[in-house]
Structure formats: C-alpha cells, structure tokens
Amino acid sequence: MKNILIIGATGQIGSELTMKLRSTYPNGEVVAGYIPGAEPKGELLESGPSEIVDITNPQQIAEAVDKYKIDSIYNLAAVLSAVAETKPQLAWKIGVGGLYNVLEVAREKNCAVFTPSSIGSFGPGTPKVNTPQDTIQRPTTMYGVTKVTGELLSDYYFKRFGVDTRSVRFPGLISYVTPPGGGTTDYAVDIYYAAAKGEKFYCPIKPGTFMDMMYMPDALRAAIEIMEADPSRLIHRNSFNIASMSFDPEMIVAEIKNAVPDFCMEYKPDPLRQAIADSWPDSLDDSCARSEWDWKPEYDLKGMTADMLKHLYLKFKPENTK
Ligand code: SER
C-alpha cells in the first residue's frame, strides 16, 4: 500500500498526476494538497481526500503526513520561469524554502520525495544539443537557480540522511487538462488551444528556437516510474534528463496545419520569454534514464498533436467530433 501526499495538486501537473496516482494505487490514500484559492473541484475533489497544505508552512506538511500515514510526497509546488523572473523572492521561497520544508518532514517521518527539476536547470554555458546528463549547470534565471539548488539539496538529503529523493528534469509539458501558468514553454500549449478554438495565434517565441517538450501522459508515467524504480540500479537521483521531442514554433505550426489547414500564426516575440528560451538547451540526452530505470517516451509531435486536437475539439466544439 502507498499513501501519497501531492503538494500543488491542483496545478498543471498535479491535477492529472493525482488522478493517475489514485488509479495506480487504489488501496492507498492519495491526498490532494492545495492552497486556499486553488481548491480541487469535480473529479479531483470527489475521488479522494484533500487537505490545505501550503509548502511554506512546515507544520501543515507534517500534519498531513501524520494524518494519512504518508510514505511518499510529490512536491509539485513551483513558480514557473517567466513569473519567477518577475517575482524572484517568491520563486526562491517556494522552490527552495518549500523544498527544504518537505525534505525536513521527509527526514523526520521517513517519506520518499519526488521533486521535478527542469530543462531550466541548464544555462547558456551548457552544451545545447543532446545536453548530457552530467554537465555544466549555471542557469541565468531564478527558476533555474531554484531547480539546481533543489537538485543539490535533494541529493544531499539522500546521501546525508538517507531520504529517498528522486527527480526528473521535465521539458515543457503539454496537456489539454489544466493550463500551465507563466512558463516559457507555455506557447506550445496555447497554440493548440488557439487552433482548436479557430483563433489566430501570436507566438511569443521566435522561429528557430528549439526546446524539449513532452506530452503529459509520458510525464506522468515518468514521475511514477522513477519513484517505482529499483534503487539498486540508480546511479543518479536528482535529477534525470528525460526527453521525447524537441521542436521550434515552425515545426509545431506545420504539424497543426496538417489537421487545421487554415490555422494562422504570427510572431510577436516576448523579450523575457525569448531570453529565457535562448539560455536553455535545444534537446536533452536521456540515455541515463533509459539505462537506469528503463525510461521510454510514447508520444512524438505527430501523436501528441492528434491527441491534443481531438481532446480540445471535445472541450470546445462537441459538434466537430461526430
Ligand atoms: N515549463 C517550464 C517553464 O517554462 C520549464 O520547466 O517554466
């Protein structure tokens, strides 16, 4: 049996991961931790317990862990890259202060901890193409600074205290369920929403800007598989490169146009997001994840586009799905 606390359960990843964990561990308690103002609704609320758990409040984390006899914590609280540049103090408080609170509770109460890292943990000095697992990590964004700090802190808690910390470096995550907020890769979600609604899309990222991206079902599977992995095979822990596709705006628009020929996009670069994207890798080498815990993505750009559009049409235009 597994009893799991998800912190940030109503966010882009949490809202889907909580449901997937509930179906994966039907005999355990899978607790949706949320902050006031971001309450769970619908299926997420009805399918299991939920608790107010603010990551900046260590007592709330400890109380939820005690109440539900939690053995694993998924720490999904984060301020994404573009917002983190406008609120760097808050990004540090949540990304690093919050993680410290989680790790301390995990140390005292013997919990495993998953905390996502990101392609944002790399910087301009990192090899850009096929970025290796172990390489230079000198990010120039506050988001990246919190992610590298989180990787180091999580590895420290494993080595020093034996806390079972594990992590993957997520690429930009694409989903039709809960939109992301304030990330640099958000354009790759917004573009599908525009296409499905029949709207013109203004792309904040310039052509030729490649970033790693991933469809949410692969990302959810990665988050569960890394926590289920045989620890004796893990050479790395915090954090693994994972990858499934890398594209620039031209490639995604071409793929969408195969299904929506009159889709229209215009470039309207956002200097903040462009500068962040330019400092990140084009594509990651995920061979360590493949060899240490058998990571393998299922979706490419073509498969993801077909599935995204199908679900977004259902969301916005039920008459189109007949
Ligand atoms: N999707 C994130 C962002 O853009 C990257 O991990 O901030």
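Residues numbered from 1 in each chain as written. Predicted model: local features only at pLDDT ≥ 70, side-chain atom pairs only at ≥ 80, totals over all residues. Heavy atoms only, no water.

(A) A look at the overall build of the protein. When helices and strands are counted, the protein shows 12 helices and 14 strands. Since a compact globule built from 322 residues should have a radius of gyration of about 20 Å, the 19 Å found for the protein is in line with a globular shape. Along the first, second and third principal axes, the C-alpha atoms of the protein reach 55 × 45 × 40 Å. Here the protein holds 322 residues, and 54% of them are scored as buried. Partitioning the contacts of the protein with sequence separation of at least 6, the portion at a separation of at least 24 is 80%. Carbon and sulfur atoms provide 53% of the accessible area of the protein, an area that totals close to 13,800 Å². (Helix = DSSP H or I, 4+ residues; strand = E, 2+ residues; numbered from the N terminus. Rg over C-alpha atoms; globule rule 2.2 N^0.38 Å. Buried < 20%, exposed > 50% of the residue type's maximum accessible area, 1.4 Å probe, protein only. Contact = heavy atoms within 4.5 Å. Areas by Shrake-Rupley, 256 points an atom, 1.4 Å probe, with all protein chains shown as cover.)

(B) Representation of the packing of aromatic side chains within the structure. The final tally for this structure, using the stated rule, is 9 aromatic pairs. With 6.2 Å between their ring centres and 85° between their planes, tyrosine 156 and phenylalanine 161 make a pair best called edge-to-face. Take phenylalanine 161: its relative accessible area is 35%, and that puts it in the partly exposed class. Pairing phenylalanine 240 with tryptophan 293 gives two aromatic rings, centres 5.7 Å apart and planes at 75°, and the pair type is edge-to-face. Of this pair, phenylalanine 240 sits in strand E12 (residues 240–241) while tryptophan 293 sits in helix H11 (residues 287–293); the two residues are 53 residues apart in sequence, bridging distant segments of the chain. Classification of phenylalanine 240 by relative accessible area gives buried; the value is 0%. Overall, tryptophan 293 belongs to the buried group, its relative accessible area being 5%. (Phe/Tyr/Trp six-rings, centres within 6.5 Å; stacked < 30°, edge-to-face > 60°.)

(C) Here's a closer look at the pattern of salt bridges. Counted under the stated rule, the structure contains 16 salt bridges. As a salt-bridge pair, glutamate 151 and arginine 169 come within 2.8 Å of each other at their nearest N and O atoms. Pair noted here: glutamate 151 is in helix H6 (residues 142–161) and arginine 169 is in strand E8 (residues 168–170), with a separation of 18 residues, a long-range link. Overall, the relative accessible area of 3% leaves arginine 169 in the buried class. Between arginine 221 and aspartate 218 there is a salt bridge whose closest N-O contact spans 2.8 Å. One end of the pair, arginine 221, and the other, aspartate 218, are both in helix H8 (residues 216–228), 3 residues apart, so they sit about a helical turn from each other. Each member of the pair arginine 221 and aspartate 218 is classed as buried. When salt bridges that share partners are traced, they join Asp218, Arg221, Glu225 and Glu298 into one network. (Salt bridge = Lys/Arg side-chain N within 4 Å of Asp/Glu carboxyl O.)

(D) Representation of the site of the ligand in the model. In the neighbourhood of the ligand, the contacting residues comprise Leu80, Ser81, Ser118, Tyr143, Gly183, Thr184, Thr185 and Trp280. Contact distances for the ligand include 2.7 Å between an oxygen atom and a side-chain N or O atom of serine 118. Here an oxygen atom of the ligand and a backbone polar atom of threonine 184 are 2.6 Å apart. The fraction of the free accessible surface of the ligand (230 Å²) that becomes covered by protein chains is 93%. Along the lines of polarity and charge, the residues of the shell around the ligand split into 3 nonpolar, 5 polar and no charged. (Near = heavy atom within 4 Å. Polar contact = N/O pair within 3.5 Å; in protein donor to acceptor, adjacent residues only side chain to side chain. Nonpolar A, V, L, I, M, F, W, Y, C, P; charged D, E, K, R; others polar.)

(E) Focus on the side chain of threonine 131. Among the structural elements, threonine 131 can be located in the loop between strand E6 (117–118) and H6. The contacts of threonine 131, once residues within four sequence positions are left out, are Phe122, Thr126, Asn241, Pro281, Ser283, Leu284 and Asp285.

(F) Representation of helix H3 (residues 58–67) within the structure. Of all the positions in H3, only Ile61, Ala62, Ala64 and Val65 are classed as buried. One face of H3 carries all of its buried residues, which in axial projection span an arc of 165°. Of the exposed residues in H3, those oriented more than 90 degrees away from the buried face are Gln59 and Lys67. Where H3 is buried, its residues meet strand E1 (4–7), strand E4 (72–75) and helix H5 (88–109). Backbone geometry just after H3 places lysine 69 at a positive phi near 50°. (Arc of directions from axis to C-beta.)

(G) Highlighting the sheet that holds strand E2 (residues 30–34). Pairing is parallel across the open sheet formed by 6 strands, whose spatial order is E3-E2-E1-E4-E5-E7. The two strands at the open ends of the sheet, each matched to only one other strand, are strand E3 (50–52) and strand E7 (165–166). Sheet analysis places strand E5 (residues 112–114) next to E7, joined by 2 bridges and oriented parallel. Residue pairing in the sheet places valine 113 in a bridge with threonine 165 of E7. (Pairing = 2+ DSSP bridges.)

(H) Spotlight on the pairing of strand E11 (residues 211–215). Where burial is concerned, most of E11 is hidden: 5 out of the 5 residues are buried. Where strand E9 (residues 172–174) and E11 come together, 3 bridges link them in parallel fashion. Bridged to leucine 173 within E11 is methionine 214. Relative to strand E13 (residues 245–247), E11 runs antiparallel, the two sharing 3 bridges. In the sheet register, methionine 213 faces E13, and the bridge partner there is methionine 245.

(I) Highlighting the environment of glutamine 133. Here glutamine 133 shows up in the loop between E6 and H6. Separated by 82 residues in sequence, glutamine 133 and tyrosine 215 place their C-alpha atoms 21 Å apart. Among all residues touching glutamine 133, those that are not within four sequence positions of it are Arg169, His236, Ser239, Phe240, Asn241, Asp285 and Cys288. In this structure the side chain of glutamine 133 is engaged in a polar contact, spanning 2.9 Å, whose partner is the backbone nitrogen of asparagine 241.

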